[in-house]
Amino acid sequence: MKHARPVPEFSRPLQTDRVPKAGSVEKLRAEPRELTALAKRMKIPAIHALSAEVRATPWRGGGIKLEGHLTADIEQVSVISLEAFRETVSIPVSRYFLPPGAVVVNESEDDADPIEGGIVDIGEVVAETLALDLDPYPRKPGEAFAEHVEDAAAPGENPSPFAVLARDKQK
């Protein structure tokens, strides 16, 4: 028995054979329930808004090139203060897709994703791009750790970690 693939939280399928030779511009905006599901998937407190403008262009005889940008209003938790903070991010989107069985001609095409069932899901491409660009250690703007090991040395001097530990032990 063949299992159906799960539908992504933010799905915007594009039928690749309907993309005109000159390309098309796809404008996407996530709905509130999609934003909630994406935030849960990305393990962040909230995504308040997510939109993208992506140009789909035929590429390499049956392939598709997606280029554009996304903008997201996200909420994250600072690894320093553990306080939630909100920020707007703008991220470039760039992905290539080839049909199954296409011959890879050069190294740049090695990164091309397969076109499955004649469809490229632009919404999922946008969601993946956002997820991959999220800072794994976010901090509120202006936050910094109170003291760094580098701060313990005079300018131009690199103390050994043992010297720093000895200094801290004396405190």
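Predicted, not measured: the structure shown is a model, and the values here were computed from it. (Residues numbered from 1 in each chain as written. Predicted model: local features only at pLDDT ≥ 70, side-chain atom pairs only at ≥ 80, totals over all residues. Heavy atoms only, no water.)

## Things to note about the overall build of the chain
The helix and strand inventory of the chain stands at three helices and seven strands. Reading the chain from its N end, one meets helices and strands in the order β-β-α-β-β-β-β-β-α-α. Burial statistics for the chain: of 171 residues in total, 33% are counted as buried. Of all intrachain contacts in the chain linking residues separated by at least 6 positions in sequence, the fraction that spans at least 24 positions is 60%. When the accessible surface of the chain is summed, it comes to about 11300 Å², and 54% of that surface belongs to carbon and sulfur atoms. (Helix = DSSP H or I, 4+ residues; strand = E, 2+ residues; numbered from the N terminus. Buried < 20%, exposed > 50% of the residue type's maximum accessible area, 1.4 Å probe, protein only. Contact = heavy atoms within 4.5 Å. Areas by Shrake-Rupley, 256 points an atom, 1.4 Å probe, with all protein chains shown as cover.)

## So, the side chain of S78
Structurally, the position occupied by S78 is in the loop between β4 (63-77) and β5 (84-98). When its relative accessible area of 0% is taken as the criterion, S78 is described as buried. There is a polar contact of 3.3 Å between the side chain of S78 and the backbone nitrogen of S81. Engagement of the side chain of S78 in a polar contact is seen with the side chain of E143, the distance being 2.3 Å. The residues touching S78, leaving out its near neighbours within four places in the chain, are E83, F85, P138, R139, K140 and E143. (Polar contact = N/O pair within 3.5 Å; in protein donor to acceptor, adjacent residues only side chain to side chain.)

## Here we look at the sheet that holds strand β6 (residues 113-114)
In space, the five strands of this open sheet follow the order β2-β3-β4-β5-β6, with mixed pairing throughout. In this open sheet, the two strands that pair with only one neighbour each are β2 (24-29) and β6. Pairing geometry for β5 and β6, over two bridges, is parallel. Looking across to β6, one finds that F97 is bridged to D113. The strands that helix α1 (residues 32-42) touches are β2 and β3 (46-59); relative to β3, the one it contacts most, it runs at about 95 degrees. (Pairing = 2+ DSSP bridges. Axes fitted to C-alpha atoms, helices over the stretch in contact; angles between N-to-C directions.)

## Quick notes on the pattern of salt bridges
Oppositely charged side chains can form a pair if their charged atoms are brought close together. Within the structure shown, the criterion is met by nine salt bridges. Each of the salt bridges in this network shares a partner with another, and the network as a whole consists of E9, R41 and E124. (Salt bridge = Lys/Arg side-chain N within 4 Å of Asp/Glu carboxyl O.)

## Let's talk about the side chain of E124
In this fold, E124 is placed in helix α2 (residues 122-133). A residue is classified by how much of its surface remains accessible, and E124, at 15% relative accessible area, is buried. Excluding anything up to four places from it in sequence, E124 contacts P8, E9, F10 and R41.

## Things to note about the nonpolar core
Residues M42, I47, L50, L66, L70, V126 and L130 are the most contacted members of the largest nonpolar core, which totals 32 residues. Mapped onto this core, the elements with two or more residues apiece are α1, β3, β4, β5 and α2. The contacts of M42, once residues within four sequence positions are left out, are I47, A127, L130, A131 and L134. (Core = buried A, V, L, I, M, F, W, Y, C linked by side-chain atoms within 4.5 Å.)

## Side note on the pairing of β5
Alignment of β4 against β5, held across 14 bridges, turns out to be antiparallel. Of the residues in β5, the one forming a bridge with G68 is V93. The hairpin turn running from β4 into β5, its antiparallel successor, is six residues long, and L82 in that turn takes a positive phi close to 65 degrees.

## Things to note about α2
Here α2 contains twelve residues, and its C-alpha end-to-end distance of 17 Å stays within 8% of the 16 Å for a straight helix at 1.5 Å per residue. Listed as buried for α2 are I122, G123, E124, V125, V126, A127, T129 and L130. Of the residues flanking the start of α2, the one acting as N-cap is D121, its side-chain oxygen 3.1 Å from the backbone nitrogen of G123. (Expected span 1.5 Å × (residues − 1).)

## Topic: a nonpolar patch on the surface
On the surface, V79, Y137 and F145 cluster together into a nonpolar patch covering about 320 Å² of accessible area. One can find V79 in the loop between β4 and β5. (Patch = residues over 30% accessible without salt bridge, like charges linked within 9 Å, V, L, I, M, F, W, Y side chains within 5 Å.)

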